[in-house]
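Examining the three-dimensional arrangement
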Amino acid sequence: QVQNSALMRRASAADRPGFHATFGVGRRFTDFFDLKLSAAYSKNTWQVYYGGQRMPAQYYALRLEGVLDVLRLAMRKSETLNRFGCGVLAGPEMGVMFKKDLGYSLKKHYVGLSAGIHADYHLGERLRVFLEPRFALVPYTAQNDDSTSYNCDRNYYDSLFNLNLGLEIAL
């Protein structure tokens, strides 16, 4: 996982990557449409201060996503592409995030949006391997760091990019 922010763009390449894991269950309604519910955990650095002090962020999320396999939908009659699939996925995400900073720790619940691409390959009748590059938008409110502002809170958004590689097992 990588967080996209102005703070992390100034950090070194070694400070950017984080960890992401997902477990999900779903239902296939047609050859080209799935609905899945996933639980996810991720951890990354959201800020690096001078001297190399890293500030961690953790996200626990539940996602409900629809997957529309555009390749299978377009090539329904073709026998050559039955083993491959590629489509788009999108849906709401809700969760809780924890961010640690020098003077305080932040814990916020959020409702965001998750979207990505789902590419898969059939290894057998019941087994697939998939690759999912995805994007999640995590909105939250936190203290304003501007001392001249009258508002005590400000809206922020974390943009998270992650790459999932996994197995699908049809039961």
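Quick note: structure is the one above.
Residues numbered from 1 in each chain as written. Predicted model: local features only at pLDDT ≥ 70, side-chain atom pairs only at ≥ 80, totals over all residues. Heavy atoms only, no water.

The subject of this paragraph is the overall build of the protein chain. A count of helical and extended segments in the protein chain gives two helices and eight strands. What you see in the protein chain, going N to C, is helices and strands ordered as β-α-β-β-β-α-β-β-β-β. For the protein chain, the proportion of its 171 residues judged to be buried stands at 35%. Put simply, 54% of the contacts in the protein chain that link residues at least 6 apart link residues at least 24 apart. Of the accessible surface of the protein chain, which amounts to about 10,800 Å², a share of 61% is contributed by carbon and sulfur atoms. (Helix = DSSP H or I, 4+ residues; strand = E, 2+ residues; numbered from the N terminus. Buried < 20%, exposed > 50% of the residue type's maximum accessible area, 1.4 Å probe, protein only. Contact = heavy atoms within 4.5 Å. Areas by Shrake-Rupley, 256 points an atom, 1.4 Å probe, with all protein chains shown as cover.)

Following the criterion strictly, the structure yields seven aromatic pairs and no others. When the ring of Phe 19 is compared with that of Tyr 41, the centres are 6.2 Å apart and the planes differ by 50°; the resulting orientation is tilted. Highlighted residues: Phe 19 in strand E2 (residues 19–28) and Tyr 41 in strand E3 (residues 33–48), separated in sequence by 22 residues. For Phe 19, a relative accessible area of 46% puts it in the partly exposed group. The exposure class of Tyr 41 is partly exposed, given its relative accessible area of 25%. Each ring, one from Phe 84 and one from Tyr 121, has its centre 5.0 Å from the other, and the planes form 50°; the classification is tilted. One end of the pair, Phe 84, is in strand E5 (residues 84–100); the other, Tyr 121, is in strand E6 (residues 105–122), and 37 residues separate them in sequence. (Phe/Tyr/Trp six-rings, centres within 6.5 Å; stacked < 30°, edge-to-face > 60°.)

Another point: the pattern of salt bridges. Evaluation of the coordinates by the stated rule reveals ten salt bridges. The partner of Asp 69 in a salt bridge is Arg 72, and the shortest N-O contact between them spans 2.4 Å. Between Glu 168 and Arg 128 there is a salt bridge; the shortest N-O distance is 3.9 Å. You can see Glu 168 sitting in strand E8 (residues 153–169) and its partner Arg 128 sitting in strand E7 (residues 127–143), a full 40 residues away along the chain. A network of salt bridges, in which partner residues are shared, links Asp 69, Arg 72, Asp 120, Arg 128 and Glu 168. (Salt bridge = Lys/Arg side-chain N within 4 Å of Asp/Glu carboxyl O.)

With that settled, the discussion passes to the pairing of E6. Here E5 pairs with E6 via 17 bridges, running antiparallel. Following the sheet pairing, Val 88 is matched in E6 by Ile 117. Hairpin connection from E5 to E6: four residues lie between these consecutive antiparallel strands. With eight bridges joining them, E6 and E7 adopt antiparallel strand pairing. When the bridges of E7 are listed, Ala 119 appears paired with Leu 131. The loop that links E6 with its antiparallel partner E7 comprises four residues. (Pairing = 2+ DSSP bridges.)

Within the open sheet, the eight strands sit side by side as E1-E8-E7-E6-E5-E4-E3-E2. Their pairing is antiparallel. Either end of the sheet is taken by a strand with one partner, and the two such strands are strand E1 (2–4) and E2. Sheet twist, expressed as the mean angle between neighbouring strand axes with direction ignored, is 20°. Sheet topology note: the strand E4 (residues 54–68)/E5 ladder contains ten bridges and is antiparallel. Counterpart to Leu 62 in the pairing with E5 is Met 94. (Axes fitted to C-alpha atoms, helices over the stretch in contact; angles between N-to-C directions.)

None of this, on its own, says anything about what the molecule does.
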